[in-house]
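Topology and contacts: notes
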Amino acid sequence: MEWKKVVEQMFPAGHEVRQEGDLLLGQGRCGKHTFAVIGTTNHTEVGAELALAMAAAVLAVIHDHPARPIVFLVDTSGQRLRHRDEMLGLNGYMAHLAKCVEMARRRGHAIISLVYEQALSGGFLANGMMADVCAALPQAEIRVMGLAAMARVTRISEERLAELSISSPVFAPGAHNYLLMGGLDALWEGDLSACLTDALEHVDATDHRRVRGLERGGRMFADPVTQRVLASA
Amino acid sequence: MIHSYYESSARARIAGLLDADSFHEWLFAEDRVTSPHLAILEQPAAFDDGVIIGQGSIAEKQIFIAAQEGGFMGGAVGEVHGAKIVGVLERAVRDHPAAVLLLLETGGVRLQEANAGLIAVSEVMRAILSARAAGVPVIVAIGGQYGCFGGMGIAARCASTIIMSEEGRLGLSGPEVIETARGVEEYDSRDRALVWRTVGGKHRYLLGECDMIVPDGIAAFQHAITASIEKGDDWSLAALEQEHQLLADRVKRFGACKDGRDIWRELGWADPDALAMMDNDEFVAAAQGHRAK
């Protein structure tokens, strides 16, 4: 879905979200709350400058609007695959963004993210996956890597991977699989402003993903293993 | 005799770093906590799923530790592997050891369990930051053959301190991934000197992407870890704002550079090629005033 439509549906009481290059910035109103909006569009790759710009936006919200909830609108084809960005330490820029999000959370900002188009691995870790509530539109594409590339790296045939992906959410792309594994809290359908309001009411700062993965049957080992570590003598 | 960190297994690193007989492993062999996903793909599993976790002491300070074994699937993070590291960090939030040590050696997400691996890396990132927010420093050491890449390269930079050796490599997308996506003209993954100038320990130290650089020896890492525990951590908005300034300055100053050498020249190294030949002490001394930090 086009970002303008998403924003209009999320913020029926009005918004001032603007596009600067591939970056989305602004604010929107839903019910009695004003949300800061930070996002990307055009399936953009996240390079050093873009990660830095998002981090700057988070720091500005912390500074100017204490406790204002933050919405990340996610549309990325992943981290920028360039020698230059690696040389500059793109992982450090991504981590900086993640730390800014964590700092915002700990200072009382609710963090909600919505994958409205696509999300790929590195581009998704530093913002969308750092949220208290991470949601996606049902048609959104979420993956680490396509099956063809995965087949190349793992030396398992693409046919075999396609076959296995029907029975296992563990390596098949798709929003529904991330939902089963607890990586997504919910798929948002229908009234997006109602979804947003509901998400804000249920925000809490604990990472519940492994528990959800267990409850939903998509990730059966993460929580029990962590529990065993906690209980080890 | 110098015990090479680079050449050592994860278990040998733990044995060499920690005080004698102080290591106590959690989820040891008899627990057989293996990945359930590898069997489906007819791939061999490891009884520790490629990461060894537990507690011990270093210079008599109680620490928790997780050490990735590059020899098993390149240290890649799957569901169980990630959950073990998360368990260590959450236990640190509860029990407050003097520090958590993460000996990272990994290509990132284990593609055989891609989605679960990606979520696990994200859980590790959040758990690292939770430990720091709880006042427990998280110290990362990078000096193994596989470097530290993928999402774990991001996770590493969420830690309080990063210690690297010259041989260590730290980044997000590995050279092979970029070469596959953009061609050999963009990034020749077989040009070892180029890779080293892009993601190697000395370059990372000069940029301020790692805090300490040490010679390749377990004892050298041990001294640096001890010093890092003493130094503690600064998890604060002020520190983040300072980091922001550093990163903003970096793209402004070096954004047009084509090669690590251009950056080093800009930092005042008259002969960038000489830098590769310097031993660690000489390099660290020469780097005073010629680092972007």
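Residues numbered from 1 in each chain as written. Chains lettered and ligands numbered in written order. Predicted model: local features only at pLDDT ≥ 70, side-chain atom pairs only at ≥ 80, totals over all residues.

1. A look at the sheet that holds strand β9 (residues 133-136) of chain A
All names here are of chain A. In spatial order, the strands read β1-β2-β3-β5-β7-β9-β11; together these 7 strands make up an open sheet with mixed pairing. Looking at which strands have only one partner, the edges of the open sheet turn out to be β1 (15-20) and β11 (186-187). Pairing between strand β3 (residues 33-40) and strand β5 (residues 70-74): 4 bridges, direction parallel. Paired with glycine 39 across the two strands is leucine 73, which belongs to β5. The strands that helix α1 (residues 3-10) touches are β1, β2 (23-30), β3 and β5; relative to β2, the one it contacts most, it runs at about 20°. (Pairing = 2+ DSSP bridges. Helix = DSSP H or I, 4+ residues; strand = E, 2+ residues; numbered from the N terminus. Contact = placed C-beta atoms within 7 Å. Axes fitted to C-alpha atoms, helices over the stretch in contact; angles between N-to-C directions.)

2. Side note on the interface of chain A and chain B
Taken together, the 62 residues of chain A in the interface contact 64 residues of chain B. Looking at the side of chain A that touches chain B, the elements that each hand over two or more residues are α2 (48-64), α3 (83-87), α4 (90-106), α5 (121-125), α6 (147-154), α8 (175-180), α10 (209-215) and α11 (222-231) of chain A. The biggest single contributor to the side of chain A that touches chain B is α4 of chain A, with 13 residues.

3. A look at the packing of helix α1 (residues 10-17) of chain B against helix α9 (residues 218-231) of chain B
Residue and element names in this part refer to chain B. Remark: α1 packs on α9, axes separated minimally by 9 Å, with the N-to-C direction vectors making an angle of 60°. Comparing the axis directions of α1 and α9 gives the class oblique. Two packed elements cross with a definite hand, and for α1 against α9 that hand is right-handed. Two secondary-structure elements touch here, α1 through Arg13, Gly16 and Leu17 and α9 through Ile218, Phe221, Gln222 and Ile225. (Parallel < 35°, antiparallel > 145°, perpendicular 65-115°, else oblique. Left-handed = near helix turned anticlockwise from the far one by under 90°.)

4. Some details on the sheet that holds strand β6 (residues 161-165) of chain B
Residues and elements named next belong to chain B. Ordered by their spatial adjacency, 7 strands build an open sheet running β1-β2-β3-β4-β5-β6-β7, and the pairing between neighbours is mixed. The sheet is open, and its two borders are formed by β1 (24-26) and β7 (212-214), each paired with just one other strand. When the angles between neighbouring strand axes are averaged without regard to direction, this sheet yields 25°. Here 3 bridges tie β6 to β7, and the two strands are oriented parallel to one another. Its bridge partner lying in β7, isoleucine 163 is registered against methionine 212. Each of β2 (51-58), β3 (61-68) and β4 (99-103) is contacted by helix α3 (residues 79-95), which is oriented at about 165° to β3, the strand it contacts most.

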